[in-house]
Amino acid sequence: MKSISATFVTSAVQPSSFPEEDLCDVAVAGRSNVGKSSLINCLLVRHQLARISRTPGMTRALNFYRIEDRFYLVDLPGYGFARRTQEERQSWKRMVESYLGSRRGLVAMLVLVDLRRGPEPEEYQLLDLLRRFGIRAVVVFTKSDKLSKSARNLRFQQLAATMRDFAASTVLFSSKSGEGRENLWNIILRLISEPSSP
C-alpha cells in the first residue's frame, strides 16, 4: 500500500495554539493502551509518524497531522489506564472539552475501543459528550486480530448493536493485519466531503 502524504503540524494544549482552520478535523480518541498510535500509522501506511510508547498515556497534548492537504487528523490525549495523577487527568479532560467546544471544523471523532474489552463508562461518557456537541462518532473496535474470525465477528455484532443509540458508525479494525483500514478510510473520506450532513 502506498503511504499517505501526512505532515506533523504541531502539539497544542489550548485553542490559541491550534492550527488555522483552513481544513476540517477528524479526531482520534481512546484509552491509553487501545492502539491509537498504531491505528494512525496503519491508516497512513507510515511506520513511525505517531510515536508508539511502551508506557500508556504518553500523549499529553493534541497532536495535529495534515493529511493530503485535505484534513487534519488530531490525536487526542489518552485516558483510562495512564499512570498519571488525578490532576493531570482533569487537565486532559478540560483540554479535550476545550477542543470540542472551540474547533468549528471538527467533523467527526474516531472513538477507539478494544474489541475484547468493549466500551466502558468513559467511552459512553465521551460518546454522550460528542452527541451533545453535535459531533459525529465513528467507533473503531481495535485489536480484532486478538480473536478468532468467528469470535471477533460475533463480538463485533454484539458491540455494534450497543452503539445504535449514539448513531455511531462502527468499524472492525486491526493495525497488525490491516483489517478495516479501507473501510475506515472510506468513512473518513465521506465525512470530510459532506461535513454538514447529519
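See the structure above.
Because the structure is predicted, anything quoted here is derived from the model rather than measured.

Draft legend 1. Structural detail: the environment of Glu123. Relative to the assigned elements, Glu123 resides in helix 3 (residues 121-133). When neighbours within four sequence positions are excluded, Glu123 is seen to be in contact with Arg31, Tyr79 and Val113.

Draft legend 2. View of the pattern of salt bridges. Inspection of the entire model under this criterion finds twelve salt bridges. For Arg103, the salt bridge is made with Asp25, and the minimal N-O distance between the two is 2.7 Å. Here the residue Arg103 occupies a position in the loop between helix 2 (86-102) and strand 5 (106-114), and Asp25 occupies one in strand 2 (residues 24-30), the gap between them amounting to 78 residues. Residue class for Asp25 comes out buried when judged on its relative accessible area of 0%. Glu120 serves as the salt-bridge partner of Arg117, at 2.9 Å between the closest nitrogen and oxygen. Using a relative accessible area of 45% as the deciding quantity, one classes Arg117 as partly exposed. Here Glu120 falls in the partly exposed class, since its relative accessible area comes to 22%. One network of salt bridges, in which partners are shared, links Arg31, Arg117, Glu120, Glu122 and Glu123.

Draft legend 3. Spotlight on the packing of helix 1 (residues 36-44) against helix 5 (residues 181-193). Close contact between helix 1 and helix 5 brings their axes to 10 Å; oriented N to C, the two are set at 85°. Here helix 5 runs roughly perpendicular to helix 1, going by the angle between their axes. Contacts from Leu39, Cys42, Leu43 and Leu44 of helix 1 reach helix 5 at Arg181, Leu184, Trp185 and Ile188.

Draft legend 4. Fine view of the sheet that holds strand 5. One open sheet holds the seven strands; their spatial order is 1-3-4-2-5-6-7, and the pairing between them is mixed. A single partner strand is all that each edge strand has here, and the edge strands are strand 1 (6-12) and strand 7 (169-172). Taking each pair of neighbouring strands and ignoring which way they run, the sheet shows an average axis angle of 25°. Pairing between strand 5 and strand 6 (residues 136-142): seven bridges, direction parallel. Note that in strand 6 the partner of Val113 across the bridge is Phe141. Lying over the sheet, helix 1 contacts strand 1, strand 2, strand 3 (62-67), strand 4 (71-75), strand 5 and strand 6, oriented at roughly 155° with respect to strand 4.

Calculation notes
- Residues numbered from 1 in each chain as written.
- Predicted model: local features only at pLDDT ≥ 70, side-chain atom pairs only at ≥ 80, totals over all residues.
- Heavy atoms only, no water.
- Helix = DSSP H or I, 4+ residues; strand = E, 2+ residues; numbered from the N terminus.
- Contact = heavy atoms within 4.5 Å.
- Salt bridge = Lys/Arg side-chain N within 4 Å of Asp/Glu carboxyl O.
- Buried < 20%, exposed > 50% of the residue type's maximum accessible area, 1.4 Å probe, protein only.
- Axes fitted to C-alpha atoms, helices over the stretch in contact; angles between N-to-C directions.
- Parallel < 35°, antiparallel > 145°, perpendicular 65-115°, else oblique.
- Pairing = 2+ DSSP bridges.

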